[in-house]
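Structural characterization, general
What follows is each chain in one-letter form.
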Amino acid sequence: MKRLDRYLLSQLMAIFGFFALVLVSVYWVNRAVLLFDKLIGDGQTAWVVLEFTALTLPKVISLVLPVAAFAAVLYAINRLSGESELVVMQAAGASPWRLARPVAVFGLIVAALMLALVHELVPASRARLAERQAQVSQDVTARFLTEGSFQTPTAGITVYIREISDLGELLDIFLYDARGQTAETIYTAEKALIVPSDAGPKLVMFDGTAQTLRPSDGALALTRFADFTYDLGGAIGTGLRGRIDWEEVPSRDLIAPGPELLAATGSTVAAAHLELNDRLAQPLMAPVAALIAAAAMMLGGFSRLGLWRQIGLAVLALIGLQSLSNVATSMTRADPQLWALHYMPALAGLILVALALFWAGRQRRSPPLAAAEGRA
C-alpha cells in the first residue's frame, strides 16, 4: 500500500472510531433508558438492567457501523479539502478513482467487522437475551407479588399477600380468580410457595380453602385442602419462551436447517435462507456507504465555502439507498423466493458510485490538457 493510501486510511480509521463511539453511545443509551424503565418497574435489579443492555449492544453496533463509516468519510474528505490537502493530491495527478481506493479498503475493513457481528455475535446475544427474558418473565415474585397490598397482574386475577418471608414463603395469601364465565373462585391459604416447572411457575398453597361461586344460580361450594397447586403461569401469562426467532440462530445453521430447528422456529427452509442472505447483504452497505460519501465529495471544484452541497447530495443518496433497502425487505418478507432483492441496494449504490466517479474524472480534465492529448 502506497504512502497516500496509508495516510488516507489512517485518517479514516481514526475518525471512524470517534463517530462509531458517539453513535453507538447515543443509540445504546436510548435503548438502555427504555429497558431501565421496563425492568425496574417490574422489580428487577440494576444488574439485570445492565445485563440486558449489554446483550443489545452487538445489534446496536451492527446498525451503527455503516452510518459511522459514511460520516467518517464525509468528515475526513471535507477536512482535507478545507486544509487544501485534497487540492494538492488532485494537482499531483491523483484521479477520483485513485482517491477512492483507500476508501474502498476502509469500507472492506468495516464490512469485515460487520461480518463477525451479524454472523456470530448478534445471533449469540439475541439467543441469550431471549433466554434471560424467559427467565425474568417467570420471576413472578419480583414482577407481581408485593406484600401488604392488592395486586392485579392481569384482568380477573387479584392477589394479596400479608408477608413474604426471608425463605420466599408467601404467608396468608388471598387469590381471587374471576376469569371463568361460569364461576368465580376465592383461594385463601396460610402459606404458599412458587415452584418453577417446564410449563411455567406454579403456586402451591397449603392449609387453605377454595370458595367457588356460580353466578347463574348463586350456589357456593367450599373446599378445604391441605395442599393445592394453582397454575400461576397460565393465569398471568408468564410461561416459558415460545418459538425461536431466526435472529437467534447462527448463520452456519441457516445453510441447511434440520427438522428440529424448523420445528423450533415454526418456519421453513426458504425463510432460513432469506435470513442468511439478509445477513450476507448487510455488511455490503458499509463499503457502499463509504464510497458514496467519497464519490459525492469528489464532484465539483474547490470552494472556500466548503463542500456542503456535496455533503447534502451524499446524504440524499444514502437516504435513497436506505429507502430502497426497506422496499426490498418488505418484498422479501412477503415472498422469501425474492431473496436476491437483498443485494439490490448495494448493487445500485455501486452503480451510483461508478457514475459519480466517472463524472468527477471528466470534470478534472482541463480543456487544454484534453486538446494536447488529442493532438498527441
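Just so we're clear, the structure is a prediction, and the values are computed from it rather than from any experiment.

Side note on helix α3 (residues 57-82)
With 26 residues, α3 should cover 38 Å at 1.5 Å per step; its first-to-last C-alpha distance of 35 Å lies within 8% of that length. Along its length, α3 reaches its greatest deviation from straightness, about 35°, at Val 64, and the proline Pro 66 lies no more than four positions downstream. Following α3 by one or two positions, Ser 84 has its phi on the positive side, about 65°.

Concerning the UniProt feature "transmembrane region" (unreviewed entry) in the protein
Under the UniProt annotation, "transmembrane region" (unreviewed entry) lies at residues 7-29, 60-78, 99-118, 284-302, 311-328 and 340-360. Summarising residues 99-118: 100% helix, 0% strand, and an end-to-end C-alpha distance of 29 Å. Between the C-alpha atoms that bound residues 311-328 the distance is 26 Å, and the span itself is 100% helix and 0% strand.

A few points about the packing of α3 against helix α12 (residues 308-334)
Between α3 and α12, the shortest axis-to-axis distance is 11 Å and the interhelical angle comes to 165°. In terms of orientation, α3 and α12 fall into the roughly antiparallel class. Crossing hand, α3 versus α12: right-handed. Contacts between α3 and α12 involve Phe 70, Leu 74 and Asn 78 from the first element and Ile 311, Ala 314, Val 315 and Leu 318 from the second. Here the residues of the contact of α3 with α12 are counted per class, giving six nonpolar, one polar and no charged.

What about the side chain of Thr 209?
Relative to the helices and strands, Thr 209 is located in strand β5 (residues 202-214). A distance of 2.8 Å separates a polar atom in the side chain of Thr 209 from a polar atom in the side chain of Thr 188. Excluding anything up to four places from it in sequence, Thr 209 contacts Ile 186, Tyr 187, Thr 188, Leu 222, Thr 223, Arg 224 and Phe 225.

Cut-offs used in this document
- Residues numbered from 1 in each chain as written.
- Predicted model: local features only at pLDDT ≥ 70, side-chain atom pairs only at ≥ 80, totals over all residues.
- Heavy atoms only, no water.
- Helix = DSSP H or I, 4+ residues; strand = E, 2+ residues; numbered from the N terminus.
- Expected span 1.5 Å × (residues − 1).
- Bend = angle between axes of the 7 residues up to and from the residue.
- UniProt positions renumbered as here; feature names shortened; annotations may be inferred.
- Axes fitted to C-alpha atoms, helices over the stretch in contact; angles between N-to-C directions.
- Parallel < 35°, antiparallel > 145°, perpendicular 65-115°, else oblique.
- Left-handed = near helix turned anticlockwise from the far one by under 90°.
- Contact = heavy atoms within 4.5 Å.
- Nonpolar A, V, L, I, M, F, W, Y, C, P; charged D, E, K, R; others polar.
- Polar contact = N/O pair within 3.5 Å; in protein donor to acceptor, adjacent residues only side chain to side chain.

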